[in-house]
Each structure stands twice: as structure tokens, then as C-alpha cells.
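# Fold and contact review
Each chain, letter by letter, is given below.
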Amino acid sequence: MRLGLRPTIFQEGSEWSRLRALYGEKRTIEERHRHRYEVNPAYIEQLESDGFNFIGKDDKGVRMEIIELKDHPWFVGVQFHPEYLSRVLYPSKPYLGFVAAAAGCLDSVTREALAEADQEHLVNGVNGVKFS
């Protein structure tokens with residue numbers, strides 16, 4: 001069972017990713033896990049040939065952590081639990097992207113996230129308050 005905060009590394013060639021943009025184009029993110037499930041390695045090649053893009057993998061490059069369809073407004077799947085770090089005033093990026101895409105404002109929310117990523121700040125993991 002995978003438990004706790006674990007790194008997920010965005011893969012080379014995933015610069016087009018909507019989710020990666022919401023994370024501020026970071027190369028690595030840390031999210032909390034609590035699961036026993038993973039993608040069966042026997043199906044990875046077939047899934048990729050059918051258009052699924054595994055844009056995030058674990059720190060060993062073995063486990064598939066994030067999947068995204070390139071030409072879809074918001075088709076994102078994650079192995080981690082974004083709700084564990086989500087706060088009312090600082091929602092997790094997968095949820096923020098889902099709601100923004102549904103509301104038709106994903107582009108503006110992404111621009112705002114990228115602009116915010118350029119500013120240095122600390123985030124309190126308990127309540128999402130930002131300190132400059």
C-alpha cells in the first residue's frame with residue numbers, strides 16, 4: 001500500500017498538459033497517497049497507443065501517477081488523492097481544473113495559476129494561507 005506524501009514527476013514531452021500548467025509548470029509535485037491500486041504494466045503500451053498519455057510517474061518511473069488526454073477539454077486521472085491537500089480557498093489543481101473546464105474558464109484560471117507560480121510564496125499545508 002502506498003501511503004503518505006509522494007513525489008510525482010512530470011514526464012518529458014508533457015509540456016502541453018493542462019494539469020501541469022495548473023501546477024505552474026513544475027517538474028515535480030508532491031501529493032498524498034493512500035491506495036493499493038496501480039496501472040497494470042502489461043497494458044501501458046496499449047493504452048499509450050490508444051491515445052492515453054501518462055504524463056506523471058513516480059520517482060522510480062515505474063508507477064503511472066497521472067494520465068491525460070491531449071485533445072480533450074479536461075480528461076485527467078490521478079492515482080493520488082487531491083482532496084487530502086485541497087482547501088476551500090486553495091483547491092487542489094485537479095479539482096480546480098475540473099471545475100474551471102466545466103465552467104468554461106480553464107484558460108483564464110491557467111493563466112492566473114502560471115502568473116502566481118512566478119511569484120515566490122509559501123503555502124501553509126493546513127489551511128492554504130499564502131505568505132509572501
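Residues numbered from 1 in each chain as written. Predicted model: local features only at pLDDT ≥ 70, side-chain atom pairs only at ≥ 80, totals over all residues. Heavy atoms only, no water.

### Remarks on helix α3 (residues 93-103)
All of the buried residues along α3 are K93, P94, G97 and A100. Around the axis of α3, the buried residues are gathered within 135 degrees of arc, so they sit on the same side. Across α3 from its buried face, at more than 90 degrees, point the exposed residues F98, V99, A102 and A103. Buried residues belonging to α3 abut α1 (18-22), β5 (76-78) and α4 (106-117). (Buried < 20%, exposed > 50% of the residue type's maximum accessible area, 1.4 Å probe, protein only. Helix = DSSP H or I, 4+ residues; strand = E, 2+ residues; numbered from the N terminus. Arc of directions from axis to C-beta. Contact = heavy atoms within 4.5 Å.)

### Some thoughts on the environment of S17
Along the chain, the position of S17 falls in the loop between β1 (2-10) and α1. Among the residues examined, S17 registers a relative accessible area of 1% and is labelled buried. In sequence terms S17 and L69 are 52 residues apart; their C-alpha atoms lie 8.6 Å from each other. Setting aside its immediate chain neighbours within four residues, S17 contacts I55 and E68. Of the polar contacts made by the side chain of S17, one reaches the backbone nitrogen of R20; its length is 3.0 Å. Among the polar contacts listed, one links the side chain of S17 to the side chain of E68, at a separation of 2.6 Å. (Polar contact = N/O pair within 3.5 Å; in protein donor to acceptor, adjacent residues only side chain to side chain.)

### Considerations on the packing of aromatic side chains
A full pass over the atoms with the stated rule returns two aromatic pairs. Ring geometry for F10 against Y23: centres 6.1 Å apart, planes inclined by 55 degrees, an arrangement best described as tilted. Placement of the pair is F10 in strand β1 and Y23 in the loop between α1 and β2 (28-35), with a sequence separation of 13 residues. Among the residues examined, F10 registers a relative accessible area of 0% and is labelled buried. Judged by its relative accessible area of 9%, Y23 is buried. Ring geometry for F52 versus F75: centroids 6.0 Å apart, planes at 65 degrees, classification edge-to-face. (Phe/Tyr/Trp six-rings, centres within 6.5 Å; stacked < 30°, edge-to-face > 60°.)

### Looking at empty space enclosed by the protein
In this approach a probe as big as a water molecule rolls over the atoms, and the regions it shows empty are the leftover space. Counted according to the given criterion, the structure contains one cavity of 30 Å³ or more. Approximately 30 Å³ is the volume attributed to the largest cavity. Considering the residues around the largest cavity, the lining is formed by E38, V39, P41, I44, V62, R63 and M64. Of the residues assigned to the lining of the largest cavity, the class counts are five nonpolar, no polar and two charged. (1 Å grid on protein atoms, 1.4 Å probe; cavity = no way out; pocket = protein on both sides within 12 Å on 5 of 7 lines; lining within 4 Å. Points joined across faces, edges and corners; volume = space filled by probe spheres on them. Nonpolar A, V, L, I, M, F, W, Y, C, P; charged D, E, K, R; others polar.)

### Observations regarding α4
Over its twelve residues, α4 runs 16 Å from end to end, which matches the ideal 16 Å to within 8%, given 1.5 Å per residue. Of all the positions in α4, only L106, V109, T110 and A113 are classed as buried. The buried residues of α4 occupy an angular sector of 100 degrees when the element is viewed end-on, so they sit on one face. Exposed residues lying more than 90 degrees from the buried face of α4 are D107, R111 and E112. Buried residues along α4 sit against α1 and α3. (Expected span 1.5 Å × (residues − 1).)

That is the geometry; function is a separate question.
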